[in-house]
Amino acid sequence: MTARLANRSSQRGAGMLMATVFLLVIVALFGLVGLRMAGTDITDTAVQNDSVEALFLAESGLERATQRLAAGTTCAALVPDATQALGRGDFQIQSANVVGSLCRVRVLGRVLLDGTLRAQRLIEGDLSVSSGGWAVGLNRTIVYWNGSAWTTAGFTNGTPAGRDLFAVYCVSASDCWAVGQNGTIVRGNGSNWTTAGFTNGAPGGEDLFGVHCPDSNTCWAVGQNGTIVRWNGGSNSWTNITGAANDAPDNRDLNAVYCLSATSCWAVGERDSGDGTIVRLVGSNWVTSGFTNNTPNAHLRGVACPAADRCWAVGNTSGGAETIVRWNGAWGDMPSYAGVPNVRLNAVHCINTSSCWAVGNTSSSRGTIIFGNGASWTAAGITNNSPNQTLNAVHCSPGGDCWAVGNGGASVRLSGTTWSTVAMPTTENLRGVSFPSGSGGGGSGLRVWREIIQ
């Protein structure tokens with residue numbers, strides 16, 4: 001009996017020993033698995049962190065490219081670019097090319113450890129410059145300001161051969177219209193300019209001298225013999241309304257148009273008699289309005305309306321002196337400014353009611369720029385020694401950055417308080433300039449970016 005009890009006690013002790021050993025093995029295995037999992041997790045996290053940091057470095061390269069564009073570097077001049085060290089790695093701008101109105105940039109970001117590559121990411125971004133704008137001129141000339149230079153590269157000009165373009169207006173960076181000789185109208189989408197349903201559509205092939213679009217669905221263009229045409233947003237839907245509910249007879253040319261809304265516009269020009277003429281869109285009708293030769297023998301060439309109760313129209317008399325008239329409920333003359341006599345004014349643009357710029361030329365075809373503060377006009381000198389610098393068009397951004405273009409490819413820019421000349425890749429006479437709303441100043445932006453899988 002005693003032996004049997006001892007045997008059972010030995011069996012229980014052996015079983016407990018085996019169970020303890022088994023438990024220790026299981027704990028050890030779990031410990032090994034845990035260590036392995038912890039080691040793998042740490043490794044994976046480190047790799048992921050390196051990859052994220054490499055992407056951050058590549059994005060820093062896009063930011064550098066954006067800043068350099070805004071500072072005046074051309075797209076093509078972004079490369080070659082030295083490798084830029086940052087944090088645990090570096091980045092480099094590897095390529096930069098103009099694509100339409102954008103600058104396409106590729107940047108490589110790398111993370112290094114003691115000189116050994118840990119991770120790298122290659123990304124591509126399309127950069128736009130907020131100051132991008134367009135100028136047009138004779139012989140179907142179209143040029144683009146990419147933020148640092150005027151260029152003819154990177155876009156397609158589908159204007160019919162031999163056609164002169166007299167005016168341009170941009171609703172946005174991807175929605176611009178240019179008008180010109182023989183009723184030509186072309187549309188720009190930011191990369192390409194194409195005919196848009198109204199080539200040779202004006203009666204008798206009348207020239208179109210002015211265009212303005214209060215919104216993306218409404219544009220008005222005006223021209224020879226009182227021609228007025230409208231875009232209503234549909235496909236190929238420029239409509240000739242000359243003579244239809246239109247009190248602008250065909251014995252006058254309309255040289256410019258400015259719209260406050262789709263149903264409120266002013267157009268200015270000159271009669272065959274040599275007197276100035278002004279017509280107004282009220283609702284759906286164009287009517288003559290309050291301008292019965294207040295300035296005799298006036299040739300009006302430009303108009304701008306910074307407010308519903310304030311418009312300016314500029315031009316010259318048959319004797320060559322400047323003409324400036326103002327709308328403040330009625331049209332009336334403004335006194336001559338204290339500047340060069342015998343000035344012809346060709347265009348005007350207003351930032352607000354107390355800040356307007358008008359451009360033109362002297363009797364010797366020198367460029368002239370004058371400034372209006374709402375009450376008076378004064379001369380504003382430009383440093384420009386090139387001959388034949390008649391200025392035909394001006395456009396200003398809300399921030400005060402202004403451009404004027406003219407004959408012989410003339411281009412001048414106001415930055416701050418100084419006007420200075422800017423190189424132009426053409427010597428054709430330029431007749432119109434426009435920058436989309438909100439642009440005109442410095443600065444650039446990233447439109448879209450994507451990763452290039454290596």
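In this text, all values refer to a predicted model and were calculated from it rather than measured experimentally. (Residues numbered from 1 in each chain as written. Predicted model: local features only at pLDDT ≥ 70, side-chain atom pairs only at ≥ 80, totals over all residues. Heavy atoms only, no water.)

Asker: Mind laying out the nonpolar core, listing which residues take part and the relevant values?
Answerer: Formed by 25 residues in total, the largest nonpolar core has its most connected members in Trp266, Trp331 and Trp377. Every element with two or more residues in this core is listed here: strand 17 (252-261), strand 18 (264-271), strand 21 (298-307), strand 22 (310-317), strand 23 (322-327), strand 25 (344-352) and strand 26 (355-361). The next biggest cluster of nonpolar side chains, apart from the first, holds 19 residues, and it includes Leu57, Ala58, Ile93 and Ala96. (Core = buried A, V, L, I, M, F, W, Y, C linked by side-chain atoms within 4.5 Å. Buried < 20%, exposed > 50% of the residue type's maximum accessible area, 1.4 Å probe, protein only. Helix = DSSP H or I, 4+ residues; strand = E, 2+ residues; numbered from the N terminus.)

Asker: Account for the confidence of the model for the protein chain, with residues named and values stated.
Answerer: A residue-level look at the protein chain finds 76% of positions with pLDDT of 70 or above and a mean pLDDT of 80. Per-element confidence in the protein chain is highest for strand 33 (residues 430-434), whose mean pLDDT is 97, and lowest for helix 1 (residues 2-70), whose mean pLDDT is 62. Within the model, pLDDT remains below 50 along residues 19-40, and this stretch shows 0 contacts once partners closer than five positions in the same chain are excluded. (pLDDT = per-residue confidence, 0-100. Contact = heavy atoms within 4.5 Å.)

Asker: Give a description of the sheet that holds strand 28 (residues 377-379) that names residues and reports values.
Answerer: Strand order in the open sheet formed by 4 strands is 25-26-27-28, and the pairing between neighbours is antiparallel. The strands lining the two open edges of the sheet, one partner per strand, are strand 25 and strand 28. Within this sheet the neighbouring strands show an average axis-to-axis angle of 25 degrees, counted without direction. Pairing analysis gives 3 bridges linking strand 27 (residues 367-372) to strand 28, with the strands arranged antiparallel. The residue bridging Ile370 from the neighbouring strand is Ala379, located in strand 28. (Pairing = 2+ DSSP bridges. Axes fitted to C-alpha atoms, helices over the stretch in contact; angles between N-to-C directions.)

Asker: Explain the sheet that holds strand 20 (residues 285-288) to me, and be specific about the residues and the numbers.
Answerer: Strand order across the open sheet formed by 4 strands is 17-18-19-20, with antiparallel pairing between neighbours. Each edge of the open sheet is held by one strand with a lone partner, namely strand 17 and strand 20. Each strand of the sheet is rotated relative to its neighbour by a mean of 25 degrees, with strand direction disregarded. Pairing of strand 18 with strand 19 (residues 276-282), which is carried by 7 bridges, proceeds in the antiparallel orientation. Bridge pairing links Cys265 to Leu281 in strand 19.

Asker: Describe in detail unusual backbone geometry, supporting the description with residues and values.
Answerer: With an omega of 0 degrees, the peptide bond running from Val79 to Pro80 counts as cis. Here Pro80 is to be found in the loop between helix 1 and strand 1 (84-86). The phi dihedral of Arg140 is positive, around 50 degrees, even though this residue is not glycine. By secondary structure assignment, the location of Arg140 is in the loop between strand 5 (133-137) and strand 6 (141-145). The phi torsion at Ser365 lies on the positive side, around 65 degrees, for a residue other than glycine. Take Ser365: its relative accessible area is 27%, and that puts it in the partly exposed class.

Asker: Lay out the pattern of salt bridges in plain terms, naming residues and giving numbers.
Answerer: All told, the structure shown has 13 salt bridges when counted by the stated rule. A salt bridge links Arg64 to Asp81; the shortest N-O distance between them is 3.0 Å. With Arg64 in helix 1 and Asp81 in the loop between helix 1 and strand 1, this pair connects stretches of sequence that are 17 residues apart. Here Arg450 and Asp126 are joined by a salt bridge, their closest N and O atoms 3.2 Å apart. (Salt bridge = Lys/Arg side-chain N within 4 Å of Asp/Glu carboxyl O.)

Asker: So what about the pairing of strand 29 (residues 391-396)? Which residues, and what values?
Answerer: Consecutive side chains of a regular strand alternate in pointing toward one face of the sheet and then the other. Buried residues dominate strand 29, accounting for 6 of its 6 residues. Direction of pairing for strand 29 relative to strand 30 (residues 402-406): antiparallel, over a ladder of 5 bridges. Within strand 30, the residue paired with Cys396 across the bridge is Cys402.

Asker: Pulling in residues and values, what's your account of the packing of aromatic side chains?
Answerer: Tallying each qualifying case throughout the model produces 19 aromatic pairs. Summarising the aromatic geometry, the rings of Trp177 and Trp238 are spaced 5.1 Å apart at their centres and angled 80 degrees between planes, so their arrangement reads as edge-to-face. Taken together, the residues Trp177 in strand 10 (residues 175-180) and Trp238 in strand 16 (residues 238-240) connect sequence positions 61 residues apart. The pair formed by Trp177 and Trp238 is uniform in burial state, with each residue classed as buried. Taking 5.2 Å as the distance between ring centres and 85 degrees as the angle between the ring planes, the aromatic pair formed by Trp266 and Trp331 counts as edge-to-face. Residue Trp266 is located in strand 18, and its partner Trp331 is located in strand 24 (residues 331-333); the two are separated by 65 residues in the primary sequence. (Phe/Tyr/Trp six-rings, centres within 6.5 Å; stacked < 30°, edge-to-face > 60°.)

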